[in-house]
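Close look at the chain arrangement
Below are the chains, spelled out letter by letter.
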Amino acid sequence: MEQTYDVIIVGAGPAGLTAGIYAARADLKTLMIERYGAGGQILNTYEVDNYPGLPGITGAELGEKMDSHLEKFGVERVMAEISDIRFSEGANTVVTDAGTFTGKTVILATGNSPRKIGIPGEAELTGAGVSYCATCDGAFFRKRTVAVIGGGDVAVEDAIFLARGCEKVYVVHRRDELRAAKILQKALFELDNVEMKWSFIPKEIKGIEDGSVKGLVIEDVKTHEETVLDVSGVFIATGNTPNASYTDALEKDQNGYIIADESCRTNIPGVFAAGDVRSKRLRQVSTAVSDGANAVYSAQEFLI
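For the structure given in this document, a descriptive report is provided here. The structure presented is a predicted model; accordingly, all values stated were derived computationally and were not measured.

What counts, and where the lines are drawn
- Residues numbered from 1 in each chain as written.
- Predicted model: local features only at pLDDT ≥ 70, side-chain atom pairs only at ≥ 80, totals over all residues.
- Heavy atoms only, no water.
- Core = buried A, V, L, I, M, F, W, Y, C linked by side-chain atoms within 4.5 Å.
- Buried < 20%, exposed > 50% of the residue type's maximum accessible area, 1.4 Å probe, protein only.
- Helix = DSSP H or I, 4+ residues; strand = E, 2+ residues; numbered from the N terminus.
- Contact = heavy atoms within 4.5 Å.
- Salt bridge = Lys/Arg side-chain N within 4 Å of Asp/Glu carboxyl O.
- 1 Å grid on protein atoms, 1.4 Å probe; cavity = no way out; pocket = protein on both sides within 12 Å on 5 of 7 lines; lining within 4 Å.
- Points joined across faces, edges and corners; volume = space filled by probe spheres on them.
- Nonpolar A, V, L, I, M, F, W, Y, C, P; charged D, E, K, R; others polar.
- Disulfide = S-S within 2.5 Å.
- Axes fitted to C-alpha atoms, helices over the stretch in contact; angles between N-to-C directions.
- Left-handed = near helix turned anticlockwise from the far one by under 90°.
- Patch = residues over 30% accessible without salt bridge, like charges linked within 9 Å, V, L, I, M, F, W, Y side chains within 5 Å.
- Areas by Shrake-Rupley, 256 points an atom, 1.4 Å probe, with all protein chains shown as cover.
- Lys, Arg positive; Asp, Glu negative; His and termini not counted.
- Charge placed at Lys NZ, Arg CZ, Asp CG, Glu CD.
- Polar contact = N/O pair within 3.5 Å; in protein donor to acceptor, adjacent residues only side chain to side chain.
- Pairing = 2+ DSSP bridges.

**Observations concerning the nonpolar core**
If you look at the biggest cluster of nonpolar residues, it comprises 30 residues, and the most contacted ones within it are Leu17, Tyr51, Leu62, Met66, Ile107 and Val285. Breaking this core down by element, the ones donating at least two residues are strand 1 (4-10), helix 1 (14-25), helix 2 (59-71) and helix 7 (285-303). By residue number, the principal contributor to this core is helix 7, which donates six residues. Not counting residues up to four positions away in its chain, the partners in contact with Leu62 are Ile42, Val48, Tyr51, Leu54, Ile57 and Val285. Listed in part, the 23 residues of the second largest apolar core include Ile8, Leu31, Leu250 and Ala273.

Written out as structure tokens, the structure reads:
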């Protein structure tokens, strides 16, 4: 006979892991479905300096601590790719390549993924000099010249990280000022091997015959003149898109994020959204953790 879980948690980033801990402590029959393993995008963050009580911890270390915390409760977990979720009050069906599972409630903590910029050469050279994760791939570019595209916190963090090992780092930003936190900007501007390319947009990533990056074509947004940067790596950090493609029945905002209130309730009873997939103002580890706790509390209320 097929099992029915009190709660199925989809995703194992900070929001999902927190939800798992809270669900286990509430003695709810819980299943966590993971796609790539625990940690989520936090694993791609070199340093998390704003998580209370753990200044300077790396993303990998923080993810490991959260995962270890969950492990001690013995929550059932399965590694699988989800193909469909069919919502039905009290009996939601999650279809995966590892089987079909039924949950009285579902917590969607699927996070988001790096946004593609859609210029020539990006898709062809991804993994061969084009990257969306500086902490994952930065070591391949030691003593070389690279470019970072973007102007937010992630882009600046990536540039700071890369500058520690690269000969030179260009930061390409379409505006004449950054959106990143001031403390990050201060750290970036103090680095001698970082050059800002203000008011430029990327136009093309050039490759050579062996299939690796040769240069980045950028265009001045004011004069429309093009310049070619001689780089061997291009790191794209221009934002993210929500991992919510299989949730058409749920209300979403204009950017595709799932609309849920501060208690993480969606428009479907018994279905909750937590973490970076939820439509909200600030997406940080601390807000994801808060969502995970709130989602379980709301799920408990629904079950009662």
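**Describing the pattern of salt bridges**
Scanning the model with the defined rule gives 15 salt bridges in all. As a salt-bridge pair, Arg77 and Glu34 come within 2.5 Å of each other at their nearest N and O atoms. Of this pair, Arg77 sits in strand 3 (residues 76-79) while Glu34 sits in strand 2 (residues 30-34), placing them 43 residues apart in sequence. On the basis of relative accessible area, Glu34 is assigned to the buried category, the value being 7%. Here the residues in one salt-bridge network are Glu34, Asp67, Glu71 and Arg77, joined through shared partners.

**Brief notes about the layout of surface pockets**
With a probe scaled to a water molecule rolled over the atoms, the places where space remains empty come into view. Of the volumes computed, that of the second largest pocket is approximately 190 Å³. Every residue lining the second largest pocket is listed: Thr126, Gly127, Ala128, Gly129, Val130, Ser131, Tyr132, Cys133, Asp137, Phe140, Phe141 and Arg144. Residue classes in the lining of the second largest pocket are distributed as six nonpolar, four polar and two charged.

**What to know about the state of the cysteines**
Inspection of the entire model under this criterion finds one disulfide. The disulfide partner of Cys133 is Cys136, and the S-S distance across this bridge is 2.0 Å. On the S-S bond that ties Cys133 to Cys136, the torsion sits near 70°, and the link is right-handed. This cysteine, Cys166, is not joined by any disulfide, and Cys133 carries the nearest cysteine sulfur, 13 Å off.

**Concerning unusual backbone geometry**
Located in the positive-phi region is Lys143, a residue other than glycine, with phi close to 65°. Position of Lys143 among the secondary structure elements: in the loop between helix 4 (134-137) and strand 9 (145-149). Notably, Cys264 is not glycine yet its phi reads approximately 70°, a positive angle. Looking at the secondary structure, you find Cys264 in the loop between strand 16 (240-242) and strand 17 (271-273).

**Some remarks on the packing of helix 1 against helix 7**
For the pair helix 1 and helix 7, interaxial distance at closest approach is 7 Å and the crossing angle is 35°. As helix 1 runs across helix 7, the sense of the crossing is right-handed. Along the contact surface, helix 1 presents Pro14, Ala15, Thr18, Ala19, Tyr22 and Ala23, while helix 7 presents Val285, Ala288, Val289, Gly292, Ala293 and Val296.

**Some remarks on a negative patch on the surface**
Side chains of Glu47, Asp49, Asp153 and Glu157 sit close together on the surface and give a patch of like negative charge. By secondary structure assignment, the location of Glu157 is in helix 5 (residues 153-163).

**As for the side chain of Thr287**
Among the structural elements, Thr287 can be located in helix 7. At a separation of 3.0 Å, a polar atom in the side chain of Thr287 contacts the main-chain carbonyl oxygen of Gln284. Sequence-distant contacts of Thr287, that is, excluding residues within four places in its chain, are made with Lys280 and Leu282.

**Examining the sheet that holds strand 8 (residues 130-131)**
Taken together, the five strands give an open sheet; going across it, the order is 8-15-9-10-11, and neighbouring strands pair in parallel fashion. The open sheet has two free edges, formed respectively by strand 8 and strand 11 (194-198), since each of these has just one partner strand. Sheet topology note: the strand 9/strand 10 (residues 168-173) ladder contains five bridges and is parallel. Note on strand 10: the bridge partner recorded for Ile149 is Val172. Those strands touched by helix 5 are strand 9, strand 10, strand 11 and strand 15 (233-236), and its axis lies near 170° from that of strand 9.

Geometry only, nothing functional implied.
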